[in-house]
Amino acid sequence: MVRRWHLAVLGTLAVFALACEAGAGGAGGPDSEPTGPAAKGYPSSMAALGDSITAGFGSCGAYVVCGRNSWSTGTADAVDSHYRRILAKNPKIRNRARNFARPGAEAGALATQAAQAVDMKAQYVTVLIGANDACAPSPAGMTSVATFRREIDRGLTRLRKGLPKATVMVASIPDLYRLWQLGRNDDRAVRAWNRFDICPAMLTSTDAQRRQVRERIDDYNAELAQACDAYGSRCRFDDDVHETSFSLDLVNQVDYFHPNARGQAELADVTYSWK
């Protein structure tokens, strides 16, 4: 989740970081990962769609993408992502998880990412997107609710038509108002928000603007829930991301916005549902 006009810069950083961390876009893993027969009902491939949160941006203590810490497809032991939990039950998923999430992505990017998931024939798809649609310079720049829903429907339709048997998990947008409440009296957090100009309509603006952003995120989450319901029984909406109480020590100490490894682990915990 980053301010939308940072996308070009972050894209360059993302390429650099992916090259440095050797395969962060996929989900390889250490030799100690389990092998053996698959437990019934677990997917053998998965894809992650969304923005910088799912990409793992900022989770390695630097302002770059760190895919190994993604709550969805990451390989880091400390995060215990969906991928690693499924891998423990179904070794067939090993090296068959891809992260298509990109920093700066808004709802309008979902259809393109969904097409990538279709191309790889993912059996399980996670979706976490929408914060960038709200993180505009002012409330006037936020994506309208109608446009947001149209783009979400377009992306989910691509998944439903291309992957009719896949399981889809749509996560709610995090509570950015709570982040402001936690960090507003922390000098380091406020300096970082101003330095990186992150989500200004919420984090560095007026109370009136914050209320508008908060209401818009609530509206987006309502649309996500309805869109998932319309998708059918293979889609599950998870409101826990928005509802879960978190602390400031779950975000990194560079921008005080993106989850650190502990924050990514918390996201994995609250969204995982395979038993």
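All residue numbers refer to positions counted from 1 along the written sequence of the respective chain. Thresholds applied to this predicted model are a pLDDT of at least 70 for local features of residues and 80 or more for the giving and counting of side-chain atom pairs; totals over whole chains, interfaces and linings are not thresholded and use all residues. With hydrogens and water excluded, all non-hydrogen atoms of the structure serve as input to the side-chain values.

A. Expanded view of the overall build of the protein. Summing up its helical and strand segments, the protein has 12 helices and five strands in all. In this scheme, a residue with accessible area under 20% of its type's maximum is buried, one over 50% is exposed, and one in between is partly exposed, where area comes from a 1.4 Å probe on protein chains only. When each of the 275 residues of the protein is scored for burial, the buried share is 56%. Contacts are assigned to residue pairs with any non-hydrogen atoms lying within 4.5 Å of each other. Sequence separation of 24 or more characterises 77% of the internal contacts of the protein that already satisfy a separation of 6 or more. Each accessible area is a Shrake-Rupley result for a 1.4 Å probe, and residues are judged covered by the shown protein chains and nothing else. Element-wise, carbon and sulfur atoms account for 49% of the exposed surface of the protein, whose accessible area totals about 11500 Å². Only runs of H or I of at least four residues qualify as helices and only runs of E of at least two qualify as strands under DSSP, and these elements are numbered from the N terminus.

B. View of helix 10 (residues 207–231). The span one expects for a helix is its residue count, reduced by one, times 1.5 Å. Here helix 10 is 25 residues long and its end C-alpha atoms lie 36 Å apart, about the 36 Å a rise of 1.5 Å per residue gives. Taken residue by residue, helix 10 has Arg-210, Val-213, Ile-217, Tyr-220, Asn-221, Glu-223, Leu-224, Ala-227, Cys-228 and Tyr-231 as its buried positions. Downstream of helix 10 by a residue or two, Gly-232 has a phi angle that is positive, lying close to 120°.

C. The arrangement of the packing of helix 7 (residues 176–183) against helix 10 in detail. To get an axis, a line is fitted to the C-alpha atoms, and for a helix only the part in contact is used. The angle between two axes follows their N-to-C directions and goes from 0 to 180 degrees. The contact between helix 7 and helix 10 brings their axes to 9 Å, and the two run at 140°. Listed contacts from helix 10 to Leu-176, Tyr-177 and Trp-180 of helix 7 are Asp-207, Arg-210, Arg-214 and Ile-217.

D. Structural view of the sheet that holds strand 1 (residues 46–50). The strand order 2-1-3-4-5 describes an open sheet built from five strands, whose pairing is parallel. Sheet topology places strand 2 (97–99) and strand 5 (235–238) at the edges, where each strand pairs with a single neighbour. Sheet twist, expressed as the mean angle between neighbouring strand axes with direction ignored, is 15°. Running over the sheet, helix 4 (residues 110–119) touches strand 1 and strand 3 (124–128) and is turned about 170° from strand 1. Two strands pair under a simple rule: DSSP has to find at least two bridges between them.

E. View of the environment of Arg-191. Note on placement: Arg-191 falls in helix 8 (residues 187–196). Note on Arg-191: relative accessible area 54%, which makes it exposed. C-alpha separation for the pair Arg-191 and Thr-204, spaced 13 residues apart in sequence, amounts to 10.0 Å.

F. Quick look at the pairing of strand 4 (residues 167–171). For strand 4, the tally of buried residues reaches four of five residues, placing the bulk of the element in the interior. As judged from the four bridges shared by strand 3 and strand 4, these two strands associate in the parallel manner. Considered in strand 4, the bridge of Val-127 is made with Val-170.

G. Main features of the state of the cysteines. When two cysteine sulfur atoms lie within 2.5 Å, the pair is treated as a disulfide. In the structure shown here, the tally under the stated rule is three disulfides. The disulfide that involves Cys-60 links it to Cys-66, with 1.5 Å between the sulfurs. Take Cys-66: its relative accessible area is 1%, and that puts it in the buried class. In this model Cys-135 forms its disulfide with Cys-199; the gap between the sulfur atoms is 2.1 Å. As the torsion about the S-S bond is roughly -85°, the Cys-135-Cys-199 disulfide counts as left-handed. Remark: Cys-199 occurs in the loop between helix 8 and helix 9 (200–203) and Cys-135 occurs in the loop between helix 5 (131–134) and helix 6 (145–162); sequence separation between them is 64 residues.

H. The pairing of strand 1, seen in detail. Along strand 1, five of the five residues are buried, which leaves the element largely enclosed by surrounding structure. Here strand 1 shows two buried faces, one formed by Met-46, Ala-48 and Gly-50 and the other by Ala-47 and Leu-49. In this structure, strand 1 lies alongside strand 2, joined through three bridges in parallel fashion. By the bridge assignment, Ala-48 is partnered in strand 2 with Asn-99. As judged from the five bridges shared by strand 1 and strand 3, these two strands associate in the parallel manner. Counterpart to Met-46 in the pairing with strand 3 is Tyr-124.

I. Structural view of the nonpolar core. Among the buried residues, those of types Ala, Val, Leu, Ile, Met, Phe, Trp, Tyr and Cys that are joined through side-chain atoms within 4.5 Å form a nonpolar core. The biggest cluster of nonpolar side chains holds 60 residues, and the ones touching the most others in it are Leu-49, Val-125, Ile-152, Leu-159, Val-168 and Leu-203. Broken down by element, this core gets its largest block of residues, seven residues, from helix 10. Once you skip the residues sitting within four places of it in the chain, Leu-203 turns out to touch Leu-176, Leu-179, Trp-180, Trp-193, Ile-198, Arg-210 and Phe-257. Tyr-42, Ile-86, Ile-93 and Leu-128 belong to the second-largest nonpolar core, a separate cluster that totals 19 residues.

J. Quick look at the pattern of salt bridges. Whenever Lys or Arg places a side-chain nitrogen within 4 Å of a carboxyl oxygen from Asp or Glu, that contact is recorded as a salt bridge. Under the defined criterion, the tally for this structure stands at 10 salt bridges. With a closest N to O distance of 2.4 Å, Asp-269 and Arg-85 form a salt bridge. With Asp-269 in helix 12 (residues 261–271) and Arg-85 in helix 3 (residues 82–89), this pair connects stretches of sequence that are 184 residues apart. Residue class for Asp-269 comes out partly exposed when judged on its relative accessible area of 45%. Accessibility expressed as a relative area gives 17% for Arg-85, which makes it buried. Its salt-bridge partner being Arg-262, residue Asp-249 comes within 3.5 Å of it at the nearest N-O pair. Taken together, the residues span a long stretch of sequence, with Asp-249 in the loop between helix 11 (240–243) and helix 12 and Arg-262 in helix 12 at a distance of 13 residues. Accessibility expressed as a relative area gives 40% for Asp-249, which makes it partly exposed.

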